[in-house]
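Chain residues, written in single-letter form:
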Amino acid sequence: MSDIELVNPVPVEEARPWLAAVSTALLGDPYDDDFSRRLARWTSDWIAERTWGARSSGRWVGTLATEPRRITVPGPDGGTGELAVDALTGVTVGVTHRRRGLLTRMITESLTAAKERGDAASILIAAEWPIYGRFGYAPAADDATYTYYSRHSGAAITPSGTGSVRQVDPAELGEHAHRIFAAARARRVGQVDRSELWWRRSLGLGGFERIGKTPNYYLREGSAGPDGVLAWRTTQDFELDGSLGAAEVVELVAANDDAYRDLWALLSGLDVIGKIRLPDRPVDEQVRWLLPDGRALKRTYSGDQTWLRLLDVPAALSARRYSVPGQLVIDVVGDSMGFADGRVLLEADGAAASCTRTEASADLRLSHRALAASYLGGRTLRQLAIGGGVEELRAGALVRADAMFGTGLAPWNATGF
Ligand SMILES: CC(=O)SCCNC(=O)CCNC(=O)[C@H](O)C(C)(C)COP(=O)(O)OP(=O)(O)OC[C@H]1O[C@@H](n2cnc3c(N)ncnc32)[C@H](O)[C@@H]1OP(=O)(O)O
């Protein structure tokens, strides 16, 4: 192991072999056609200072990168606000070098850099549950996969009558998708941002090539202009013996309720298709309340998706708003890196919130991971208490905290990173 060199920054000239290491460890193929497309995506916004690697005998055996992203947090009047976060991605250690502390070394450096930069939190999507808890991350937003049985007798959805949906080419969608997503994103807590570059890469525009089978793209237009995006592709053909085909939804983005209804109405009218799979969706998919028979939609999976690590508790807690006014003194404990620990006073009314260091006696003692798990409002402290790290020091504090932190809709992130 003595020949191992930890490298940061990693210059963009090293992107190809660095990404080949990522690809191998995450079950990709660094020699297939898609690899060069992925490489073009990575290099288009490569930040050398935020890229780490471990090299052994000239070969990359460890990789880690972070991106500057924004996530929506609870805002005033049931809306959302924004928090700038450090977003971790591309984490791998080659099978020949695992369990010798290489991830620990890289992530310790990257979290320290994020803290020094002033980021209030770091986020990631965990490949496996047991990896990131020890580094202070906790699952903060879940997602779900559904199957919509569109030919089920109670599956039909009538359009809103306030707009229209038409099929478009990727280039036309590219003119509107960024703005529509930005409006849709503001309707949910937990949504990570997508830049215009993100859309160009996804749609294969501006010199980028699409990865995978090209979906059918649709644009919804209401009285105020384009406000919905739908992308779906077939996953199974139909047969003349009566067997229906199957499809998968790649994007269903709605900036308002009518747009949401109309995109689902289009799905409900697809001929020769019997089942439509919808991965990466919210756990509380609202279409159930539009269906004559809510069981035409089956949730086939739900689980943790976006994990969050607090780096600056006063900054993170004062960046969001709270469902009911209240005051809480929280003793935050258990951070082995010392970034999140400390006693804070949280004061919130409907419009504003402040969180400052205090010496006052605490109402609650929370592990920093319990606070991270409940930060987006997706789960109650009472839910988490069974696993430890939640201690009520003043009667009623737990109920008050859950009422303050909770959100009307479950947090959900639709964007991989
Ligand atoms: C945000 C993302 O990019 S998610 C993608 C994560 N990457 C992958 O899943 C790709 C395949 N796996 C890997 O590349 C590696 O196994 C990694 C990156 C997950 C771990 O790298 P390593 O260098 O082996 O981790 P490291 O040696 O620092 O492990 C630290 C501790 O975490 C534990 N650990 C690490 N990975 C795992 C895991 N997948 N499951 C359970 N425990 C794990 C280790 O056992 C060790 O525990 P210990 O301190 O009690 O001994």
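Residues numbered from 1 in each chain as written. Predicted model: local features only at pLDDT ≥ 70, side-chain atom pairs only at ≥ 80, totals over all residues. Heavy atoms only, no water.

Looking at an unreviewed UniProt entry, one finds the protein chain named GNAT family N-acetyltransferase and attributed to Jatrophihabitans cynanchi. Quoted verbatim from the Sequence similarities (unreviewed entry) heading of the UniProt record, the comment on the protein chain is "Belongs to the acetyltransferase Eis family." Regarding the protein chain, the UniProt comment filed under Subunit (unreviewed entry) reads as follows: "Homohexamer; trimer of dimers." (UniProt positions renumbered as here; feature names shortened; annotations may be inferred.)

Draft legend 1. A look at the domain arrangement of the protein chain. Here the protein chain is described as being made up of domain 1 (4-136), domain 2 (144-302) and domain 3 (313-405). One C-alpha centre belongs to domain 1, the other to domain 3, and the line joining them spans 29 Å. Each side of the interface is counted separately: domain 1 has 14 residues, and domain 3 has 12 residues. In total, domain 1 and domain 3 occlude about 1,200 Å² of area from one another, counting both sides; carbon and sulfur atoms represent 71% of this. Across the contact surface, domain 1 and domain 3 share 0 salt bridges. Put simply, domain 1 and domain 3 have 1 residue pair in polar contact (both at pLDDT 80 or more) between them. Listing elements by their share of the side of domain 1 that touches domain 3, those giving two or more residues are β3 (59-74) and α3 (102-117). Residues of the side of domain 1 that touches domain 3, tallied by class, amount to 7 nonpolar, 6 polar and 1 charged. (Domains from an automatic or database assignment. Contact = heavy atoms within 4.5 Å. Buried area = accessible area lost by both parts, 1.4 Å probe. Salt bridge = Lys/Arg side-chain N within 4 Å of Asp/Glu carboxyl O. Polar contact = N/O pair within 3.5 Å; in protein donor to acceptor, adjacent residues only side chain to side chain. Helix = DSSP H or I, 4+ residues; strand = E, 2+ residues; numbered from the N terminus. Nonpolar A, V, L, I, M, F, W, Y, C, P; charged D, E, K, R; others polar.)

Draft legend 2. The arrangement of the site of the ligand in detail. Taken together, 23 residues form the shell around the ligand, and within it Val 91, Val 93, Arg 99, Gly 101 and Thr 104 come nearest. One nitrogen or oxygen atom from the main chain of Val 91 is found 2.8 Å from a nitrogen atom belonging to the ligand. Take Val 93: an N or O atom from its main chain is 2.8 Å from an oxygen atom of the ligand. Summarising the interface, the protein chains cover 76% of the accessible area of the ligand, which totals 950 Å² for the free molecule. For the shell around the ligand, the secondary structure elements donating two or more residues are β4 (80-93), α3 and β5 (121-125). Partitioning the shell around the ligand into residue classes produces 13 nonpolar, 5 polar and 5 charged. (Near = heavy atom within 4 Å. Areas by Shrake-Rupley, 256 points an atom, 1.4 Å probe, with all protein chains shown as cover.)

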